[in-house]
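Chain by chain, the residues:
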Amino acid sequence: MERNAHYLVIDFLRIFAAILVLLNHFATFAWNSASVTEGSDVAFGFLSAFAGLGAVGVEIFFVISGFVIAMSASGEGGVSQALRFARIRATRILPALWLSALVSLAARTLYGEDFPRLLMDFCRSVILSPKGPYIDGVVWSLVIEAVFYFLVVLSILSRFRLSLYDLAKIIGFSSSVYLLVVSGLHMLPPSTRLEEAISVLSRFPFKLLLLQHGVFFAAGMIFFLVRNGGDDHGIAGHHGWKAVLLLLFGAMGIAEIFISVERGYAYKLSAVIIWLVCMYVMIVGIRYGDFIKRKLFERQGLIKYIGGISYPIYLNHYSVGMVMVWWLFSLGLPMPIVFALSLLFVLGLSMAVMWLEKRIQNAIKGWFPKPPAPNELKMAV
């Protein structure tokens, strides 16, 4: 499998996950203030089914990240490759984050929030500080992604003495133990002490340590290694054990979804089904990636664009969307018009951010020499 292989199914899953998260948040926006709410103050009551359930889009993103990062990190190890990986990931993540954080800062300032406090939130966001609060409610997931990237960089620096397979097992088993403990606590009879224990284990440091969501990253990595026939660093074969790990981490992922969806059993089950269907689509789509690419050859550009804009949509729908919904309602517009205009604004803003992001990325690429092609390396030797 090529390091730079592109799978169109991942583009579809990315935009689907972004839409799920957007609907999850829009379902909780208030009509009379730039905040989240419940009950009669909810702006879009018809989206109530997505409240909580739509957050499963984040777990879909994490599995995709595990697969894509393992694919991009495979190959040679060492300092130069670690720096190359870090540069590529920073170029991919930071420009859109910085642009979107600026927009969120402007939107929340215009709403009337305290600017000095917002500026501190903005600074923590643009450097992906492990300590919040952040300028936008989705930045926490990027901080977790950054921790995952850091661990992968350590694996590359070690010249894969700590292989991707070993790293996936460490992340996956640690997360599984954590989730078993938390799941056990949830099954005990309710009590004040039990609620306090669950509250402590739900704090952000446990997310930062990849304990709550690590099984998703690990599952994506293991799937890449199974698909790749090994991890290119002396760990070939053992497909049986990798399949067992994939099932284990997938099962623990289901447990995490059940815990994190704070609604009734039907919503929890629906979230699990959505996640499992997406995982099946991902597996089949990657397995038949070449066939899909041939069938959709003429539409590849559009599909890649849709996949690419999922990240700006993810970054720009929450704080900006919240303020936009409040402002449009304050103008006295009816709910359907507010909903349509809010979505169109988020989409237009995301397209603008993506346009600027691409130009920044192209400028950064121009600062670094393009690596020689394999045939050029052979001629040089």
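Quick summary incoming for the structure in this document. Model, not experiment: these values are computed from the prediction. (Residues numbered from 1 in each chain as written. Predicted model: local features only at pLDDT ≥ 70, side-chain atom pairs only at ≥ 80, totals over all residues. Heavy atoms only, no water.)

## Some points on the packing of aromatic side chains
Two measures describe an aromatic ring pair: the distance that separates the ring centres and the angle between the ring planes.
So, step 1. One pass over the structure, following the stated rule, counts 23 aromatic pairs.
So, step 2. Here the aromatic rings of Phe148 and Tyr149 are separated by 6.4 Å at their centres, their planes lie at 45°, and the arrangement is tilted. Taken individually, Phe148 and Tyr149 each receive the classification buried, so the pair is uniform in this respect.
So, step 3. Three or more aromatic residues link up through ring pairs in this structure, and these residues are Phe26, Phe29, Trp31, Phe44, Phe46, Tyr318, Phe329 and Phe339.
So, step 4. Directly above the aromatic system of Tyr267 lies the positively charged group of Arg263, at a separation of 3.6 Å from the ring centroid.
So, step 5. The ring of Tyr288 carries the charged tip of Arg287 above its face, separated from the ring centre by 5.0 Å. (Phe/Tyr/Trp six-rings, centres within 6.5 Å; stacked < 30°, edge-to-face > 60°. Buried < 20%, exposed > 50% of the residue type's maximum accessible area, 1.4 Å probe, protein only. Lys NZ or Arg CZ within 6 Å of the ring centre and 35° of its normal.)

## Looking at the pattern of salt bridges
So, step 1. Counting across every chain of the model gives six salt bridges.
So, step 2. Its salt-bridge partner being Asp166, residue Lys169 comes within 3.7 Å of it at the nearest N-O pair. With Lys169 and Asp166 both in helix 6 (residues 164–187) and three residues apart, this pair spans about one turn of that helix.
So, step 3. Its relative accessible area of 25% is what places Lys169 among the partly exposed residues.
So, step 4. Relative accessible area serves as the criterion here: at 26%, Asp166 is assigned to the partly exposed category. (Salt bridge = Lys/Arg side-chain N within 4 Å of Asp/Glu carboxyl O. Helix = DSSP H or I, 4+ residues; strand = E, 2+ residues; numbered from the N terminus.)

## A closer look at the packing of helix 3 (residues 79–111) against helix 13 (residues 300–316)
So, step 1. One can describe the packing of helix 3 onto helix 13 by two numbers: an axis separation of 9 Å at closest approach and a directional angle of 35°. As helix 3 packs across helix 13, the resulting crossing turns out to be right-handed. When helix 3 is examined against helix 13, the residues Arg92, Ile93, Ala96, Leu97, Ser100 and Val103 are found in contact with a partner set consisting of Tyr311, Leu315 and Asn316.
So, step 2. Here the contact of helix 3 with helix 13 is composed, by residue class, of six nonpolar, two polar and one charged. (Axes fitted to C-alpha atoms, helices over the stretch in contact; angles between N-to-C directions. Left-handed = near helix turned anticlockwise from the far one by under 90°. Contact = heavy atoms within 4.5 Å. Nonpolar A, V, L, I, M, F, W, Y, C, P; charged D, E, K, R; others polar.)

## Quick notes on a nonpolar patch on the surface
So, step 1. Judged by side-chain polarity, Tyr265, Leu269, Ile273, Val277, Tyr280 and Val281 come together as a nonpolar surface patch covering roughly 600 Å² of accessible area.
So, step 2. Tracing the backbone shows Tyr280 in helix 11 (residues 265–287).
So, step 3. Looking at Tyr280, the relative accessible area reads 57%, which means it is exposed. (Patch = residues over 30% accessible without salt bridge, like charges linked within 9 Å, V, L, I, M, F, W, Y side chains within 5 Å. Areas by Shrake-Rupley, 256 points an atom, 1.4 Å probe, with all protein chains shown as cover.)

## With respect to the layout of surface pockets
The probe, sized like a water molecule, is rolled over the atoms to show the empty space still left.
So, step 1. In this structure, the second largest pocket encloses a volume near 900 Å³.
So, step 2. Lining the second largest pocket we find 33 residues, and of these Ala55, Trp140, Lys207, Ser260 and Glu262 sit closest to its centre.
So, step 3. Among the elements that take part in the lining of the second largest pocket, helix 10 (residues 239–260) stands out by supplying five residues, more than any other.
So, step 4. Grouping the constituent residues of the lining of the second largest pocket by class yields 17 nonpolar, 10 polar and six charged. (1 Å grid on protein atoms, 1.4 Å probe; cavity = no way out; pocket = protein on both sides within 12 Å on 5 of 7 lines; lining within 4 Å. Points joined across faces, edges and corners; volume = space filled by probe spheres on them.)

## Description of empty space enclosed by the protein
So, step 1. As enumerated under the stated definition, the model contains three cavities of 30 Å³ or more in all.
So, step 2. Taken as a whole, the largest cavity encloses approximately 320 Å³ of empty space.
So, step 3. Around the largest cavity, the lining is made up of 18 residues, and of these Phe61, Ile93, Glu145, Tyr149 and Tyr311 lie nearest the centre.
So, step 4. Only helix 2 (56–73), helix 3, helix 5 (139–157) and helix 13 provide two or more residues apiece to the lining of the largest cavity.
So, step 5. With six residues, helix 2 is the single largest residue contributor to the lining of the largest cavity.
So, step 6. Here the lining of the largest cavity is composed, by residue class, of 10 nonpolar, four polar and four charged.

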